[in-house]
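# Architecture and fold: a report
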Amino acid sequence: MSIRERLSGNEAIATAMRQINPDVFAMFPITPSTEIPQYYAQYVADGRVDTEFITVESEHSSLSACLGAEAAGVRAVTATSSAGLSFMNEVLYVAASSRLPIVLAVACRALTGPININHDYSDSMAERDSGFIQIYGENNQEVYDNYLQAHRIAEHPDVRLPLMICEDGFITSHAIENIELEDDEAVKKFVGGYHPENYLLKKENPLAVGPYGVSNYYMEARVAQAQAMKNAKKVILDVAADFEKTFGRKYGFFEEYKMEDAELAMVIMGSSAGTAKAAVDKLRAEGVKAGLIKIRVFRPFPGEELAKALKGVKALAVMDKSEGFSACGGPLFAETAGACINMPDRPLMVDIVFGLGGRDFTVEAALSVYDRLKNIAATGEAGELYTHMGQRER
Amino acid sequence: MLTAAEINEKIAWQDMTTGCEIYEPGTSRLTKTGEWRSRTPQWLQDKCKQCVLCAPFCPDASIPVKDGKREDFDYDHCKGCGICINACPFDAIVWKEEA
């Protein structure tokens, strides 16, 4: 039986962690993720978990501690945001290439500068090539549900990759919403125990982790790692199917919202999708064939599936909530355009960078995007490809 | 389970161990790192008093000691750092003249 509660995204993640009771939590605080270890410290103090709670001196150290713990054969977790995630950069790559299934909660926040504590995806998008699986949630419920699925995906023998559970800083991390929690025992049963085949402290065969890989081995190691990310696609869907069977809520690579006959569409991520859905509802009431796709799994990127879902769309706006400074579009645009490259009748596409550093995204703003798409579909001209929205202009 | 000796430059990516893990200890013996050496120390047996001071100074355990006496260098692993030359009180280790 589900339990009705009202929690912030951070408390929802901390609750999921408490229910899973990982062996190690190495923490270092940074806004807006700080509440996650803060709540967890209380669970430790109250004796509700038996996790080794390690307070370290930096994010580089917190992820390093998780790496050591996972190599030793136990479950390790941490949480961070923004500059903290950037400071983990080096270790992210080591964890992924060593194939250690650490679960990292990220309350996504802008990167400096100017220095800013509010939401966008500058931090997580900067780590999109680190080898971590990345799963994004629209609201507290999705973030909690994603977290319950995280360990099983990351630890699967065909995958064995670390994983980020991403929530929108402040918007999701701090806003309190209704949520359905699952029973502690049901969660434990769903997630299961962690029994890696090989680990440092296994006395039968002591393990060496992270050896030097000269040119004669590096290429093979990277191809094997790329294959693990491909394998993750099936495992993500399998775990989602079991999650639906167990708890009743359905998840996939992305959510298709009113896409059946949609001609004007957005590809968007996170909490902004909730706002854009209100715009879609309004347009549908007026008879406009509008829809949207909300990306849940960004790594591995579901390119084939996305291209299939975009079939029949005439004009598409890709909504990038981070600036890649490529001068030709943000990271979500690059992935989406790449996914559609071999589609026979692919939609006309534009990229819209929006909402940086917590800049508000409103239903009116979403409606203006569909207005632009209407014009693109009518004229057959995409116009300017790489654009920004919501900034003051002369 | 793949042993370290079975990991070589002919195996396909599909046969690599997960994360390049190695499932046994002491595998440095299998890897001939002596080829990194640019200069080579030479043991002058007639000058050697078998004080064995050189062996603990060697950072790469490349001076084998058996029954309390040193033997010739393990050139498969000696990097040619020359620390042993400095450590020897009897000038019994010298740089080999390179051709």
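Residues numbered from 1 in each chain as written. Chains lettered and ligands numbered in written order. Predicted model: local features only at pLDDT ≥ 70, side-chain atom pairs only at ≥ 80, totals over all residues.

### A few points about the overall build of chain B
A count of helical and extended segments in chain B gives two helices and four strands. When the helices and strands of chain B are read in sequence order from the N terminus, they spell out β-α-β-β-α-β. Compactness check: chain B gives a C-alpha radius of gyration of 17 Å against a globular reference of 13 Å for 99 residues, more than 25% above the reference. In terms of principal-axis extent, the alpha carbons of chain B reach across some 55 × 35 × 15 Å. The buried share of chain B, taken over its 99 residues, is 18%. If you take every contact in chain B between residues at least 6 apart in sequence, the share linking residues at least 24 apart comes to 64%. (Helix = DSSP H or I, 4+ residues; strand = E, 2+ residues; numbered from the N terminus. Rg over C-alpha atoms; globule rule 2.2 N^0.38 Å. Buried ≥ 20, exposed ≤ 12 C-beta atoms within 10 Å, placed from the backbone. Contact = placed C-beta atoms within 7 Å.)

### Section: the overall build of chain A
Check the secondary structure of chain A and you find 12 helices and 15 strands. Computed over the C-alpha atoms, the radius of gyration of chain A is 21 Å, within 12% of the 21 Å expected from 2.2 N^0.38 for a compact globule of 394 residues. Taken over the C-alpha atoms alone, chain A extends approximately 70 × 55 × 45 Å along its principal axes. Residues counted as buried form 51% of the 394 residues belonging to chain A. Long-range pairs, those at least 24 residues apart, make up 81% of the contacts in chain A with a sequence separation of at least 6.

### Quick notes on the pairing of strand S14 (residues 348-353) of chain A
All names here are of chain A. By the criterion of burial, S14 is predominantly enclosed, with five of the six residues buried. Two strands pair when backbone bridges link them, and strand S13 (residues 315-320) and S14 are joined in this way by six bridges, in the parallel orientation. Residue pairing in the sheet places leucine 316 in a bridge with methionine 349 of S14. For the handedness criterion, the β-α-β arrangement of S13, helix H11 (residues 331-339) and S14 is classed as right-handed. The pairing of S14 with strand S15 (residues 386-388) spans three bridges and is parallel. The partner of isoleucine 352 across the bridge, within S15, is threonine 387. The parallel pair S14 and S15 is bridged by helix H12 (residues 363-379), and the resulting crossover is left-handed. (Pairing = 2+ DSSP bridges. Right-handed = clockwise from strand over helix to strand, strands pointing away.)

### A short note on the sheet that holds S15 of chain A
The strands that make up a sheet pair up through hydrogen bonds in the backbone, lying either parallel or antiparallel. All names here are of chain A. Reading across from one edge, S9-S11-S10-S13-S14-S15 is the order of the six strands in this open sheet, with mixed pairing throughout. With partners counted over all chains shown, the strands left at the sheet margins are strand S9 (254-257) and S15, one partner each. The average angle at which neighbouring strand axes cross in this sheet is 20 degrees, direction not considered. Sitting on the sheet, H11 is in contact with strand S10 (264-269), S13 and S14, with an inclination near 145 degrees to S13. (Axes fitted to C-alpha atoms, helices over the stretch in contact; angles between N-to-C directions.)

### A closer look at the nonpolar core
One finds Ile13, Cys66, Ile153, Leu163, Ile165 and Ala265 of chain A to be the most contacted residues of the largest nonpolar core, which totals 120 residues. Among the elements that line this core, the one with the most residues is helix H8 (residues 215-247) of chain A, at eight residues. No fewer than three residues from each of domain 1 (3-247) and domain 2 (254-388) of chain A sit in this core. Among the nonpolar cores identified, the runner-up in size contains nine residues, and Cys54, Phe73, Cys84 and Ala92 of chain B belong to it. (Core = buried A, V, L, I, M, F, W, Y, C linked by C-beta atoms within 7 Å. Domains from an automatic or database assignment.)

### Thoughts on the pairing of strand S7 (residues 163-168) of chain A
All names here are of chain A. Most of S7 is tucked away, with six of its six residues classed as buried. Alternating residues of S7 divide into Leu163, Ile165 and Glu167 and Met164, Cys166 and Asp168, and every residue in both groups is buried. Examined bridge by bridge, strand S5 (residues 103-108) and S7 share six bridges and lie parallel to one another. What sits directly across from cysteine 108, in S7, is aspartate 168. Note: strand S6 (residues 133-136) against S7, four bridges, orientation parallel. Note on S7: the bridge partner recorded for isoleucine 133 is leucine 163. With respect to chirality, the unit in which S6 leads through helix H6 (residues 140-155) into the neighbouring parallel S7 is right-handed.

### Re the sheet that holds strand S12 (residues 297-299) of chain A
Residues and elements named next belong to chain A. Reading across the sheet, the seven strands line up as S3-S2-S4-S5-S7-S6-S12 and stay open at both edges, with mixed pairing between neighbours. Because the sheet does not close on itself, it has two edges, and the strands there are strand S3 (52-55) and S12. Averaged over all pairs of adjacent strands, the angle between their axes in this sheet comes to 20 degrees, without regard to strand direction. Strands strand S2 (24-27), S3 and strand S4 (76-80) of the sheet are contacted by helix H3 (residues 59-72), whose axis makes an angle of about 165 degrees with S4.

### A short note on the domain arrangement of chain A
Residue and element names in this part refer to chain A. One can read the domain layout of chain A as domain 1 (3-247) and domain 2 (254-388). On a C-alpha basis, the centroid separation for the pair domain 1 and domain 2 is 28 Å. Contact residues are listed per partner, giving 24 residues for domain 1 and 20 residues for domain 2. Where the side of domain 1 that touches domain 2 is concerned, the elements lending two or more residues are helix H5 (122-126), S6 and H8. Looking at the side of domain 1 that touches domain 2, the element that brings in the most residues is H8, giving five residues. Its residues assigned to classes, the side of domain 1 that touches domain 2 comprises 11 nonpolar, seven polar and six charged. (Nonpolar A, V, L, I, M, F, W, Y, C, P; charged D, E, K, R; others polar.)

### Looking at H12 of chain A
All names here are of chain A. Helix length check: H12 (17 residues) gives 25 Å between terminal C-alpha atoms against 24 Å at 1.5 Å per residue, within 8%. Along H12, the positions that sit buried rather than exposed are Ala366, Val369, Tyr370, Leu373 and Ile376. For H12, the angular spread of the buried residues around the axis is 110 degrees, confining them to a single face. Opposite its buried face, H12 presents the exposed residues Glu364, Asn375, Ala378 and Thr379, each directed more than 90 degrees away. (Expected span 1.5 Å × (residues − 1). Arc of directions from axis to C-beta.)

### Considering the domain arrangement of chain B
Split into domains, chain B comes out as domain 1 (1-31) and domain 2 (32-99). Taking only C-alpha atoms, the centre of domain 1 of chain B and the centre of domain 2 of chain B are 30 Å apart.

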